[in-house]
Amino acid sequence: MGRYVVRRLVQMVPVFVGATLLIFLMVNVMGDPIAGLCGERRCDPATAARLRAEFGLDRPVWQQYLTYMGNVFTGDFGTAFNGQEVTELMATAFPVTLRLTLIAILFEIVVGVTLGVVTGLRRGRPVDTGVLLLTLVVISVPTFVTGLLLQLLLGVKWGWIRPSVSTEAPFAELILPGLVLASVSLAYVTRLTRTSIAENRRSDYVRTAIAKGLPRHRVVTRHLLRNSLIPVVTFIGADVGFLMGGAIVTERIFNIHGVGYQLYQGILRQNTQTVVGFVTVLVLVFLVANLVVDLLYAVLDPRIRYV
Amino acid sequence: MSEQHYESERVVAVTGVGGTVDLGADGTERPGKAPGGPGGPGGPGPRDRPRSLWSDAWRDLRRNPVFIVSGLVICFLVLISLWPSAIASGSPLACDLAKAQEGPRPGHPFGFDGQGCDVYTRTVHGARTSVTVGVLATLGVAVLGSVLGALAGFLGGVWDAVLSRITDVFFAIPVVLGGLVLLSVITSNTVWPVIGFIVLLGWPQISRIARGSVITVQQNDYVQAARALGASRTRLLLRHIAPNAVAPVIVVATIALGTYIALEATLSYLGVGLKPPSVSWGIDISAASPYVRNAPHALLWPSGALAVTVLAFIMLGDAVRDALDPKLR
């Protein structure tokens, strides 16, 4: 196990470097970061040159990248051009997005897995068909459309919720945005669980469990579910990174001041430090989530041994 | 992340192979496939002549209501994106501010949006953008992805290792985020930057699948036999491996087409995809959202059109998947 973790960590290094370098290059293409500093006017050449030297923008890109990564590993994500520390922005933005992601994941686990089990056990019945159709529709409608429609219905027409979320973004206000963020993945989790349950239901160990007279709920929860959840866990784990990145759209619809909001502002204002910093953290989250998923395999499936 | 492995069963005609049909939207299981354990031997049905995977799949598809419905919707979409004026004669850019946010009236069945443009005309004309982006991006992704993936799987060794790492790198970047960063600088008002971006971030998905598929197919006896007979590597890849490995790529590409259309609309909604005066459902939805209280129709029609389009392509992909490989879910 220990050796496996080390090997996986070593494998993560090139991916991390590659992904951050790619983002770094993209942001560099994004445009002249100095241009945003002089407001609407163009900077005069002397000021521009001075600012360039001050921020180290006159050096080649690879040097800038190395310096930046060196700083990141000492916890210094740089300063946004308005003088605010990027880490400060992160400290306000990440908790909000984490809450949002947490709600989304909870929806996926509770609603998605339950629906998957129910339909998987009742294949071909009306419930199954209905839920399947519903998942297909949810997958097809882009998140921003789902979000806008639910906001229109629940927030504006019926007044059940506040259409936009306050700056503090407490859990209660994030329930609908969380559902919207989860929607597509929720549908995938349902379908994945359903297929998996339906497949395993015919397996020998389930027949044995039934034959030795175990009550139905025990067969389902202990024998069937545990074995069927392995692909679902992979999906949900990989989804953590996806959700945090995909939160841009949801956060924009409900005006949530989280990671997506800061990133969007950073891109609009050509604030390279903010963008690169946030994306670097997101990439790290994604990679760690995938590692955790692989390790969880061993817990769920004792047949898997890491060497 | 676990890699998907595709069974190479499709090499054999799969008349009686067990496995239930997963996605008949009507919930009925289609004829021709006995329900049974996935992968369970169903026993080959009587065969008069050898059938290929493709003729089998086509036979299945023709009987599948999901395929027929989604196929008809897609045909309609393609037709109106080729000749939008056939059913909406006005110009999508002809707007009259005096009519802003007005509801439906004769001659303008969908009403007017915030700029006083006819929502019906704009919705019809928006199909072209979506279909163009979807089709071209999918073609690009499929070609680039399957060539690189097949080479990685076929050549193995260093090529494979390097390509797999590159794939991982691209997977670690959130798509919408990458789009925001890359496309925010581009001022061009055509579909090309969006297509280019989707190809750039989309190919690893296909290349992973093509790689896995090639590796599986490579182990088959007929490939070994051809190799033993002295077939060249090019011939091996092009004549024996590629035709048998292409099915999963087609399936994933068809489903991806729908998601690319959704992605274009999402990027346009965020303001970095297409920009006005281009006509795109994403732009219209974005423009309609601030005044949705007064004129919900301006939001609902393009949203509906977008949803139906994406749904049609995803359903088509599902039907094709069921037909090409009943075991592949």
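This is a predicted model, so every value here is computed, not measured.

(A) Spatial organisation of the overall build of chain B. A count of helical and extended segments in chain B gives 10 helices and 0 strands. When its helices and strands are written in sequence order, chain B yields α-α-α-α-α-α-α-α-α-α. When burial is assessed residue by residue, chain B has 50% of its 329 residues classed as buried. Partitioning the contacts of chain B with sequence separation of at least 6, the portion at a separation of at least 24 is 73%.

(B) Spatial organisation of the overall build of chain A. A tally of regular secondary structure across chain A gives 11 helices and 0 strands. Shown N-terminal to C-terminal, the secondary structure of chain A runs as helices and strands in the order α-α-α-α-α-α-α-α-α-α-α. By its C-alpha atoms, chain A is 85 × 55 × 30 Å across when sized along the principal axes. A total of 307 residues make up chain A; the buried ones form 40% of that total. Contacts in chain A between residues far apart in sequence, at least 24 positions, make up 75% of those at least 6 positions apart.

(C) Quick look at the UniProt feature "transmembrane region" (unreviewed entry) in chain A. Residue and element names in this part refer to chain A. Summarizing the sequence annotation, UniProt attributes the feature "transmembrane region" (unreviewed entry) to residues 12–31, 96–118, 130–154, 174–193, 232–254 and 274–300 in the numbering used throughout. The span residues 174–193 is 95% helix and 0% strand, and its two end C-alpha atoms sit 26 Å from each other. Counting secondary structure, residues 232–254 comes out at 96% helix and 0% strand; the distance between its end C-alpha atoms is 29 Å.

(D) Representation of the interface of chain A and chain B within the structure. Contacts between the two partners involve 49 residues from chain A and, on the opposite side, 43 residues from chain B. A total of 9 residues in the side of chain A that touches chain B trace back to one element, the largest contributor, which is helix H1 (residues 2–29) of chain A. A class-by-class count of the residues in the side of chain A that touches chain B yields 35 nonpolar, 10 polar and 4 charged.

(E) A look at the UniProt feature "domain: ABC transmembrane type-1" (unreviewed entry) in chain B. Look at the UniProt record and you will see "domain: ABC transmembrane type-1" (unreviewed entry) annotated at residues 127–317 of chain B. Split by type, residues 127–317 of chain B is 82% helix and 0% strand. Its first and last C-alpha atoms lie 19 Å apart.

(F) Highlighting unusual backbone geometry. Notably, A:Asn255 is not glycine yet its phi reads approximately 55°, a positive angle. Mapping A:Asn255 onto the fold places it in the loop between helix H9 (216–253) and helix H10 (259–268).

(G) Quick peek at helix H6 (residues 192–218) of chain B. With 27 residues, H6(B) should reach 39 Å at 1.5 Å per residue; the first-to-last C-alpha distance of 36 Å fits that figure. Where burial is concerned, most of H6(B) is hidden: 21 out of the 27 residues are buried.

(H) The arrangement of the packing of helix H2 (residues 65–82) of chain B against helix H10 (residues 296–324) of chain B in detail. All names here are of chain B. Close contact between H2 and H10 brings their axes to 9 Å; oriented N to C, the two are set at 135°. Taken as axis vectors, H2 and H10 run oblique relative to one another. Crossing geometry of H2 relative to H10 is assigned as left-handed. On H10, the residues that touch Val66, Phe67, Ser70, Gly71, Val73, Ile74 and Leu77 of H2 are Val308, Thr309, Ala312, Phe313, Met315, Leu316, Asp318 and Ala319. Split by residue class, the contact of H2 with H10 holds 11 nonpolar, 3 polar and 1 charged.

(I) Structural context of the nonpolar core. B:Leu180 and B:Ile198 are the most contacted members of the largest nonpolar core, which has 162 residues in total. Counting residues per element, this core draws most heavily on helix H8 (residues 233–270) of chain B, which supplies 20 residues. When neighbours within four sequence positions are excluded, B:Leu180 is seen to be in contact with A:Ile248, A:Tyr264, A:Ile267, B:Leu270 and B:Val272.

(J) Looking closely at the UniProt feature "transmembrane region" (unreviewed entry) in chain B. All names here are of chain B. The UniProt record annotates "transmembrane region" (unreviewed entry) at residues 65–83, 131–159, 171–203, 241–263 and 299–320. The span residues 65–83 carries 95% helix and 0% strand; its end-to-end C-alpha distance comes to 27 Å. For residues 241–263, the helix share is 100%, the strand share is 0%, and the end-to-end C-alpha distance is 32 Å.

(K) Quick peek at the environment of A:Leu106. Residues and elements named next belong to chain A. Mapped onto the secondary structure, leucine 106 falls in helix H4 (residues 86–121). Judged by local crowding, leucine 106 falls into the partly exposed class, with 15 C-beta atoms found within 10 Å. Each C-alpha atom, one on leucine 106 and one on leucine 179, is 9.3 Å from the other, the two residues being 73 residues apart in sequence.

(L) Representation of the packing of helix H1 (residues 53–62) of chain B against H10(B). Residue and element names in this part refer to chain B. Orientation of H1 relative to H10, taken along the N-to-C sense of each, is 130°, at an axis distance of 8 Å. Of the possible angle classes, the one that applies to H1 and H10 is oblique. Handedness of the crossing formed by H1 with H10: right-handed. Side by side, H1 and H10 meet where Leu53, Ala57, Asp60 and Leu61 of the first sit next to Ala319, Ala323 and Leu324 of the second. When its residues are assigned to classes, the contact of H1 with H10 shows 6 nonpolar, no polar and 1 charged.

(M) Representation of the confidence of the model for chain A. Of the residues in chain A, 93% have a pLDDT of 70 or more, and the chain-wide mean is 82. Ranking the elements of chain A by mean pLDDT puts helix H2 (residues 45–55) of chain A last, at 76, and helix H8 (residues 204–211) of chain A first, at 91.

(N) How the structure looks around the environment of B:Val169. Relative to the elements of secondary structure, B:Val169 occurs in helix H4 (residues 157–171). B:Val169 sits 100 residues away from B:Tyr269 along the chain, and the two C-alpha atoms are 26 Å apart. Among residues more than four places away in sequence, those in contact with B:Val169 are A:Val15, A:Gly18, A:Ala19 and A:Leu22.

(O) Broad picture of the confidence of the model for chain B. Residue and element names in this part refer to chain B. Here chain B shows a mean pLDDT of 77. Residues at 70 or above account for 82%. Scored below 50 in pLDDT, residues 1–45 makes 95 contacts in the model with residues more than four places away or belonging to other chains. Reported confidence for the predicted complex is 0.80 by ipTM and 0.80 by pTM.

(P) Seen up close, the environment of A:Phe286. Take A:Phe286: it is sitting in helix H11 (residues 272–300). Separated by 108 residues in sequence, A:Phe286 and A:Gly178 place their C-alpha atoms 19 Å apart. Residues within four places of A:Phe286 in sequence aside, it is in contact with A:Gly241 and B:Ala172.

Definitions and limits used
- Residues numbered from 1 in each chain as written.
- Chains lettered and ligands numbered in written order.
- Predicted model: local features only at pLDDT ≥ 70, side-chain atom pairs only at ≥ 80, totals over all residues.
- Helix = DSSP H or I, 4+ residues; strand = E, 2+ residues; numbered from the N terminus.
- Buried ≥ 20, exposed ≤ 12 C-beta atoms within 10 Å, placed from the backbone.
- Contact = placed C-beta atoms within 7 Å.
- UniProt positions renumbered as here; feature names shortened; annotations may be inferred.
- Nonpolar A, V, L, I, M, F, W, Y, C, P; charged D, E, K, R; others polar.
- Expected span 1.5 Å × (residues − 1).
- Axes fitted to C-alpha atoms, helices over the stretch in contact; angles between N-to-C directions.
- Parallel < 35°, antiparallel > 145°, perpendicular 65-115°, else oblique.
- Left-handed = near helix turned anticlockwise from the far one by under 90°.
- Core = buried A, V, L, I, M, F, W, Y, C linked by C-beta atoms within 7 Å.
- pLDDT = per-residue confidence, 0-100.

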